[in-house]
Amino acid sequence: MSAEDLEKYETEMELKLYREYRDVVGLFKYVIETERRFYLTNDYEMQVHSVQGEVFFEVSMADAWVWDMYRPARFVKQVRVLTFKDVNIEELNKSDLELPSGESGFSE
């Protein structure tokens, strides 16, 4: 496989992932971003732990969707993330989810 073929494949996978995200984002209430992944979920719990002066975060989610183009199935029943890095949690505003027609950033 050439570098050009690989780039084309990755571009197609990213477009497919974006389209899937666009189709499912309205089903979820929260966006959770960690240093490694981006999740959509309706239910989460976050705990902050401190052990010997080190702080880390534990985030648990139920029925989540994960942004990862290399996963064959992006819907997951349970997710548990442990991280020493920042965790960003945002509640989605339903009006923010609607894209103006013709401005998706991708051609179909």
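This text goes with the structure placed above it.
Residues numbered from 1 in each chain as written. Predicted model: local features only at pLDDT ≥ 70, side-chain atom pairs only at ≥ 80, totals over all residues. Heavy atoms only, no water.

Colleague: So what exactly am I meant to see when it comes to the overall build of the protein chain here?
Modeller: Along the protein chain, the regular secondary structure elements total one helix and six strands. The buried share among the 108 residues of the protein chain stands at 30%. The contacts in the protein chain between residues at least 6 apart in sequence include a share of 56% that link residues at least 24 apart. Only carbon and sulfur atoms are counted for the fraction: they give 48% of the accessible area of the protein chain, which is about 7,900 Å². (Helix = DSSP H or I, 4+ residues; strand = E, 2+ residues; numbered from the N terminus. Buried < 20%, exposed > 50% of the residue type's maximum accessible area, 1.4 Å probe, protein only. Contact = heavy atoms within 4.5 Å. Areas by Shrake-Rupley, 256 points an atom, 1.4 Å probe, with all protein chains shown as cover.)

Colleague: Honestly, the packing of aromatic side chains in this entry has me stumped. Any pointers?
Modeller: Each pair of aromatic rings is reported with the distance of its centres and the angle of its planes. All told, the structure shown has eight aromatic pairs when counted by the stated rule. A centroid spacing of 5.5 Å and a plane angle of 70° characterise the contact between Tyr 21 and Trp 67, whose relative ring orientation is edge-to-face. Remark: Trp 67 occurs in the loop between strand E4 (54-66) and strand E5 (75-83) and Tyr 21 occurs in helix H1 (residues 3-24); sequence separation between them is 46 residues. Given the relative accessible area of 33%, Trp 67 is considered partly exposed. (Phe/Tyr/Trp six-rings, centres within 6.5 Å; stacked < 30°, edge-to-face > 60°.)

Colleague: Mind showing me how you'd approach a nonpolar patch on the surface here?
Modeller: Taken together, the side chains of Tyr 44, Met 46, Val 48 and Val 55 define a hydrophobic patch exposed on the protein surface, amounting to about 320 Å² of accessible area. The element that contributes the greatest number of residues to the nonpolar patch is strand E3 (residues 43-51), accounting for three residues. Within the element layout of this structure, Tyr 44 appears in strand E3. A residue is classified by how much of its surface remains accessible, and Tyr 44, at 30% relative accessible area, is partly exposed. (Patch = residues over 30% accessible without salt bridge, like charges linked within 9 Å, V, L, I, M, F, W, Y side chains within 5 Å. Salt bridge = Lys/Arg side-chain N within 4 Å of Asp/Glu carboxyl O.)

Colleague: How do you make sense of H1 when you look at a structure like this?
Modeller: Since one α-helical turn is 3.6 residues long, residues separated by three or four positions face the same way. Its 22 residues give H1 an end-to-end C-alpha distance of 31 Å, which sits within 8% of 32 Å, the value for a rise of 1.5 Å per residue. By the burial criterion, the buried members of H1 are Met 13, Leu 15, Leu 17, Tyr 18, Tyr 21 and Val 24. Buried residues along H1 sit in contact with strand E2 (38-41), E4 and E5. (Expected span 1.5 Å × (residues − 1).)

Colleague: Explain the side chain of Thr 83 here, please?
Modeller: Its place among the elements puts Thr 83 in strand E5. At 2.9 Å, the side chain of Thr 83 forms a polar contact with the backbone nitrogen of Lys 85. Residues in contact with Thr 83, not counting those within four places in the same chain, are Glu 35, Phe 56 and Phe 57. (Polar contact = N/O pair within 3.5 Å; in protein donor to acceptor, adjacent residues only side chain to side chain.)

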